[in-house]
Amino acid sequence: VSGDNVGIVRSIYEAFGRGDVDAVFAAMTENIEWDESPGMPYGGVYHGRDEIVTKVFGPILTDVDGFTADPAEILPLDDNRVLAQGQHAGHGARGPVDARFIHIWTIQDGMVMRYQQLADTKRFCDAVGK
Amino acid sequence: MNACELMERSIERWNAHDEEGWSALFADDATLTGPGGVRGSGAQIVAMFYGLWQQSFPDNQVRVVRLVAEDGQAVNEAVFEGTHTATLSGPGGDVPATGRSVSIPFANVCEISGDRFTDFTLYFDQVELMTQLGVGMDAGRTT
């Protein structure tokens, strides 16, 4: 099960990387909880595709030219949770984004139901000027 | 000592404010990485990291939320709680004592060989820390 979950999470990063938002959300429950680090300009807890796109994805892609989230490592934590650690990159209004992240994904019955982020928020905010 | 026991020992020594006991759990060439571009290896970075947090939050305690470990690797989700009573010297500057208490979630991802850490990576929200300290984004600015 944990190996399947790692594959699910990997597929989300791959879909995000090619800009396939439909595929990103196809791996998630309808009411997925998205917990963005409070220190991010888009920090908060959001639910569902519309809110996540409006409050997180849209603003990030506006603020960061060529935004990427590349996981260097994806690990199973237990039967339901997967950890990814990696690097955010791109170019903000004040310089290049170079912020490490850890994402914890909770998966139930093959669908992601929760996402939690801990990121190097200060470096991100410095780069985008927010 | 397995990976779980090593992580538990590390937290116990940290909370006891035992620098010698905590530092002894790192390999001589262990790498340590943290927010703000902190990265280095060896005893000097381990000592710098310990002093940075223990001196500025001398009453601090780490409260474990969840610890997952298996051979060679451990992940610790926890909360750092303490009172900021001395200057916090971060990678981008100093934040003088504020007297404020903080509660900061963090995560460690560690690589382990034998009885010691070989890689220790820390993740936490620096902006949230500054917010709880009541200081602006320019404090400790990194770029």
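Since this is a predicted model, take the numbers as computed values, not measurements.

**Notes on the pairing of strand β5 (residues 95-108) of chain A**
Residues and elements named next belong to chain A.
Then, in step 1: Along β5, 11 of the 14 residues are buried, which leaves the element largely enclosed by surrounding structure.
Then, in step 2: Sheet topology places strand β4 (residues 81-92) next to β5; 12 bridges connect them, and they run antiparallel. The partner of V82 across the bridge, within β5, is W105.
Then, in step 3: The hairpin turn running from β4 into β5, its antiparallel successor, is 2 residues long.
Then, in step 4: Relative to strand β6 (residues 111-119), β5 runs antiparallel, the two sharing 8 bridges. Bridge pairing links Q108 to M111 in β6.
Then, in step 5: Here β5 folds back onto β6, and the loop between the two strands holds 2 residues, one of which, D109, carries a positive phi near 50 degrees.

**Focus: the sheet that holds strand β1 (residues 26-34) of chain B**
Residue and element names in this part refer to chain B.
Then, in step 1: Within the open sheet, the 6 strands sit side by side as β2-β1-β8-β7-β4-β3. Their pairing is mixed. Lying at the two open borders of the sheet, with one neighbouring strand each, are β2 (38-41) and β3 (61-70). Sheet twist, expressed as the mean angle between neighbouring strand axes with direction ignored, is 15 degrees.
Then, in step 2: Where β1 lies against strand β8 (residues 116-124), 4 bridges are found, and the strand directions are parallel. Note on β8: the bridge partner recorded for F26 is F117.
Then, in step 3: Across the sheet, helix α3 (residues 43-56) lies against β1, β2, β4 (73-83) and β8, angled at about 135 degrees from β2, the strand it touches most.

**Examining empty space enclosed by the protein**
Residue and element names in this part refer to chain B.
Then, in step 1: Using the criterion set out here, one finds 3 cavities of 30 Å³ or more in the structure.
Then, in step 2: Roughly 250 Å³ of volume is contained in the largest cavity.
Then, in step 3: Taken together, 17 residues line the largest cavity, and the ones lying closest to its centre are W14, F49, V62, F106 and L122.
Then, in step 4: Breaking the lining of the largest cavity down by element, the ones donating at least two residues are α1 (3-15), α3, β4, β7 (101-113) and β8.

Rules of the game
- Residues numbered from 1 in each chain as written.
- Chains lettered and ligands numbered in written order.
- Predicted model: local features only at pLDDT ≥ 70, side-chain atom pairs only at ≥ 80, totals over all residues.
- Heavy atoms only, no water.
- Buried < 20%, exposed > 50% of the residue type's maximum accessible area, 1.4 Å probe, protein only.
- Helix = DSSP H or I, 4+ residues; strand = E, 2+ residues; numbered from the N terminus.
- Pairing = 2+ DSSP bridges.
- Axes fitted to C-alpha atoms, helices over the stretch in contact; angles between N-to-C directions.
- Contact = heavy atoms within 4.5 Å.
- 1 Å grid on protein atoms, 1.4 Å probe; cavity = no way out; pocket = protein on both sides within 12 Å on 5 of 7 lines; lining within 4 Å.
- Points joined across faces, edges and corners; volume = space filled by probe spheres on them.

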